[in-house]
Amino acid sequence: MWPASQYSHSNVNQSSQSNQNSQRSNEHQNQQNLRTLGMTSAISMAGPKPIDIEKTNELKESLIPYGVFESEAELHHRMEVLGALHRLVRQWIRDLSLKKNMPPSVADTVGGNIYTFGSYRLGVHHRGADIDALCVAPRHIDRSDYFQTFYELLKQQPQVRDLRAVEDAFVPVIKMNFDGIEIDLLFARLALKEIPDSFDLRDDMLLKNLDQKCVRSLNGYRVTDEILRLVPDIDNFRLTLRAIKLWAKRHGIYSNTLGYLGGVSWAMLVARTCQLYPNALPATLVHKFFLVFSQWKWPQPVLLKQPDSVNLGFPVWDPRVNVSDRYHFMPIITPAYPQQNSTFNVSASTRSVIMEEFRLGLSITDEIMLGKCNWEKLFEAPNFFSRYKHFIVLLASSADCEHQLQWCGLVESKIRHLIGNLERNQHITLAHVNPECYNSVPLHTNNGEPLALPPGAPIPTDPAPEIRKNKDGEVIANYCSMWFIGLVFERTNVNVDLTYDISSFTKAVLYQAESTSMLREGMSIEARHVRRKQLHQYLSASLLRRERTSSTGKRRHNATASAAATPTTPGDHANKKTKRLSESSVSTVPRKMLGGHLLAIVEDSAVHAWLAADFVYLVI
Ligand SMILES: Nc1ncnc2c1ncn2[C@@H]1O[C@H](COP(=O)(O)OP(=O)(O)OP(=O)(O)O)[C@@H](O)[C@H]1O
Ligand SMILES: [Mg+2]
Ligand SMILES: [Mg+2]
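The structure displayed is predicted, hence computed values, not measured ones.

### Some points on the overall build of the chain
The helix and strand inventory of the chain stands at 17 helices and 18 strands. Here the chain holds 620 residues, and the buried ones make up 56% of them. Look at the contacts in the chain between residues 6 or more apart in sequence, and 74% of them connect residues 24 or more apart. On the chain, roughly 27000 Å² of surface is accessible, and the fraction owed to carbon and sulfur atoms is 51%.

Put into structure tokens, the structure is as follows:
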């Protein structure tokens, strides 16, 4: 039987719900008060005034409607899921040890553990968030075993859905949905004969002789552990971080993949704020967070402590040594050896979007602290779609639900390269990617067969429209996901050619899919320019209106617009391009071919563009 208490210290989620945990945080606080936290002394040691207590209570209340806190039953379910996973790991390691000719008496003692990290371990995960966990195995169990036999074992479990292995990633991971809970499970093999039950992974020397992938996999746990140790008061840190994470999600700047900040980066910024105001309460800490980071002199790094001087030869972030580290836009450095910049994906565009949000956050929290408005204002989602006149819509389609999950993962992980390409275009001042992924629901005919429609087309009823089929004559369902990028141009009345920026991106994605044998029939990627008034062709009016209503987390929208985006197969582009142009809403505009590029002369001199996977031309 899996001992739940084994995890009570590392897995407790809301400290207010656990005496044991708040006891731990008090002890922790006392220890922390004895030493200076962080790289500098505190900005203010001031304790709370009655108004801070009042504002903090209001803050806590205002978070509730957003599903930030889980119920006891939901928390309990997570513990059960972890228990089941732990038993599976133990069973797998034992069976495999026997298969590797280990005597049963020894196989019974080699152990193996699950360690949680990330937001769940920090105690700040919101409802529906994933659990990040690390499977730690003794030395005779290999990474290849993990991706073969353990994967197979998981596959046999009736509670496991959406199982996928990402073996060649920078940090290899098995992802799954275990009885309703999303799990990211990493693997590390230690150079030890056995892994005792409550084994501590803090010792840097454990990393000696481990391979890079194991070191990176252990890093998440070690970082989370260190963050908790480096904040002066864990409860205040947690509530502040919950508020900041919610704010960042609502404002579309929560995504490591897309070049904004991910959970661990937000945690470190909040931890630094807590160090600078060690006795402040969450309301003040949220306010000070915006004060500190709206003024931060990037690329000056954010560090939670003096980096360790361990030297085991693993690469660490150090701009004195690595020239490339000097070009990072917003370094936020993890506190455990080997220290890394957690914001490697941030670009000039994403940093300017984040900084603008910090400034707005400061002015709103100024008002809140003065009693001029309440916390809801901080969590109001700005309307992304009314902010820009021009957008690029990126469409990723495939023929099957499972393919779509994989395909979207790959495309999303590459979007920052498209942003990079657009940023380098001299006519573009800002390329602002919205981290939301919108899904268009496959449409069906009266016979229940799937249906694809070109953008802008009304949904036909009778006669039944053309059904897309593969080479074997089977009907192809169309799953299409969309991302939107808002564009700001430097000026109007110039010609802007985005052909290369777009096509180099789509080609690179297709190339990668092909070279990793991921590409399947029906998978396609396409980028189109749309103007604000054309957005209704992609997003339903209610969704466009809903921009301001509440919801948390990374949403996957169903964008049931009057028309679903047209999926294409990679070989389809040439035909589709001509077709799309002739169907375009600007078909009355005179056109002529210029040097292989279509030039559109737009009478109202507004920006116009046609984008295809391999063709883009803008006239401003
Ligand atoms: N860019 C990164 N650099 C360093 N560590 C990272 C990075 N991204 C993820 N990690 C590690 O993996 C952990 C889990 O990542 P994940 O994206 O699930 O974030 P999280 O902190 O758990 O927040 P969320 O609530 O969004 O899941 C992080 O806490 C961190 O330890
Ligand atoms: Mg997580
Ligand atoms: Mg995760």
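That shown, we press on.
### Concerning the coordination of the magnesium ion (ligand 3)
For the magnesium ion (ligand 3), the full set of protein donor atoms is Asp130 (OD), Asp132 (OD) and Asp184 (OD), and the range of their distances to it is 2.1 to 2.4 Å. Residue class for aspartate 130 comes out partly exposed when judged on its relative accessible area of 23%. On the accessibility criterion, aspartate 132 (13% relative accessible area) is buried.

### What to know about the site of ligand 1
Around ligand 1, the structure places Phe117, Gly118, Ser119, Asp130, Asp132, Gly220, Lys245, Tyr254, Asn256, Gly263, Val264 and Ser342. Here aspartate 130 contributes a side-chain N or O atom positioned 3.0 Å from an oxygen atom of ligand 1. Here an oxygen atom of ligand 1 and a side-chain polar atom of lysine 245 are 3.0 Å apart. If ligand 1 stood free it would expose 590 Å²; the protein chains cover 75% of that surface.

### Side note on the coordination of the magnesium ion (ligand 2)
Each protein donor to the magnesium ion (ligand 2) is listed here as Asp130 (OD) and Asp132 (OD); together their distances run 2.1 to 2.2 Å. The metal-metal distance between the magnesium ion (ligand 2) and the magnesium ion (ligand 3) is 3.4 Å, with aspartate 130 serving as a donor to both.

### What about the UniProt feature "binding site: Mg(2+) 2" (unreviewed entry) in the chain?
Those residues carrying the UniProt feature "binding site: Mg(2+) 2" (unreviewed entry) are Asp130, Asp132 and Asp184 in this numbering. The largest pairwise C-alpha distance within this set of annotated residues, which runs over 55 residues, is 7.0 Å, so the set is compact in three dimensions. With respect to the helices and strands, aspartate 130 occurs in the loop between α6 (118-122) and β2 (131-137). Discounting chain neighbours no more than four positions away, the residues touching aspartate 130 are Arg78, Ser119, Tyr120, Glu182 and Asp184. One can find aspartate 184 in strand β5 (residues 181-189). With a relative accessible area of 17%, aspartate 184 lands in the buried category. Residues within four places of aspartate 184 in sequence aside, it is in contact with Asp130, Ile131, Asp132, Ala133, Val173, Ile174 and Lys175.

### Overview of the sheet that holds strand β4 (residues 173-178)
The strand order across the open sheet formed by five strands is β1-β2-β5-β4-β3, and the pairing between neighbours is mixed. Edge positions in the sheet fall to β1 (113-117) and β3 (160-166), since each of these pairs with one other strand and no more. Along the sheet, successive strands turn relative to each other by an average axial angle of 25°, direction set aside. In this sheet, β4 lies alongside β3 in antiparallel orientation, the contact comprising five bridges. By the bridge assignment, arginine 161 is partnered in β4 with asparagine 177. Across the sheet, helix α7 (residues 143-155) lies against β2, β3, β4 and β5, angled at about 165° from β3, the strand it touches most.

### Focus: the nonpolar core
Buried together is how nonpolar side chains tend to be arranged in soluble globular proteins. Judged by nonpolar contacts, the single largest core of 109 residues is most densely connected at Phe237, Trp247, Trp266, Phe358 and Trp407. Considering every element that reaches this core, the biggest residue donor is helix α9 (residues 234-250), with nine residues. Leu82, Val89, Tyr146 and Ile174 belong to the second-largest nonpolar core, a separate cluster that totals 34 residues.

### Overview of the environment of aspartate 108
You can see aspartate 108 is positioned in the loop between α5 (104-107) and β1. For the pair aspartate 108 and leucine 122, spaced 14 residues apart in the sequence, the C-alpha separation amounts to 32 Å. Looking at aspartate 108, its side chain comes within polar contact range of the side chain of arginine 94, at 2.4 Å.

### Details of the pattern of salt bridges
If you walk through the whole model with that rule in mind, you get 21 salt bridges. Across the pair glutamate 74 and arginine 127 runs a salt bridge, and its minimum N-O distance is 3.1 Å. Of the two residues, glutamate 74 sits in helix α4 (residues 72-99) while arginine 127 sits in the loop between α6 and β2, which places them 53 residues apart along the sequence. Arginine 127 sits in the partly exposed class, given a relative accessible area of 40%. One salt bridge connects lysine 100 with aspartate 145, and the closest N-O pair in it is separated by 2.7 Å. Separated by 45 residues along the polypeptide, lysine 100 in the loop between α4 and α5 and aspartate 145 in helix α7 bring together distant segments of the chain. Ionic contacts of the salt-bridge type, sharing partners, join the residues Arg121, Asp200, Arg202, Asp225 and Arg229 into one network.

### Details of the pairing of strand β13 (residues 524-531)
β13 sits mainly inside the fold: eight of its eight residues count as buried. Here β13 shows two buried faces, one formed by Ser524, Glu526, Arg528 and Val530 and the other by Ile525, Ala527, His529 and Arg531. When strand β6 (residues 390-398) meets β13, the two strands line up antiparallel, connected through eight bridges. Counterpart to leucine 394 in the pairing with β13 is alanine 527.

Cut-offs applied
- Every chain's residues receive numbers from 1 upward, in the order its sequence appears when written.
- Each chain gets a letter, beginning with A, and each ligand a number, beginning with 1, in the order they are written.
- Since the coordinates come from a predicted model, pLDDT governs what is reported: local features require at least 70, and pairs of side-chain atoms require 80 or more to be given and counted, while whole-chain, interface and lining totals use all residues.
- Hydrogens and waters are ignored; side-chain quantities use all the structure's heavy atoms.
- Starting at the N terminus, helices and strands are each numbered in turn, a helix being any DSSP run of H or I of at least four residues and a strand any DSSP run of E of at least two.
- For every residue, the accessible area obtained with a 1.4 Å probe (protein chains only) is divided by the maximum for its type, and the residue is called buried under 20%, exposed over 50%, and partly exposed between those limits.
- Should any heavy atoms of two residues lie within 4.5 Å, those residues are considered in contact.
- All accessible-area figures derive from a Shrake-Rupley calculation using a 1.4 Å probe, and residue coverage is judged against the displayed protein chains alone.
- Metal donors were taken as nitrogen, oxygen and sulfur atoms no farther than 2.8 Å from the ion, or 3.2 Å where the ion is Na, K or Ca. Water is excluded, so coordination may look unfinished.
- Summary of the distance rule: residues count as near a molecule or strand when at least one heavy atom falls within 4 Å of that molecule or strand.
- Definition of a polar contact: a pair of N or O atoms within 3.5 Å, with one able to donate and the other able to accept a hydrogen when the atoms are protein atoms, and with sequence-neighbouring residues admitted only if both atoms are side-chain atoms.
- UniProt positions are given in the numbering used here, feature names are shortened, and annotations may be inferred rather than shown by experiment.
- Strands are treated as partners if at least two bridges between them are detected by DSSP.
- For helices, the axis comes from a line fit to the C-alpha atoms of the stretch in contact; other axes are also lines fit to C-alpha atoms, and the angle between any two N-to-C directions lies between 0 and 180 degrees.
- Here, the term nonpolar core denotes a set of buried Ala, Val, Leu, Ile, Met, Phe, Trp, Tyr and Cys residues that are joined through side-chain atoms within 4.5 Å.
- Salt bridge, as used here, is a side-chain nitrogen of Lys or Arg placed within 4 Å of a carboxyl oxygen of Asp or Glu.

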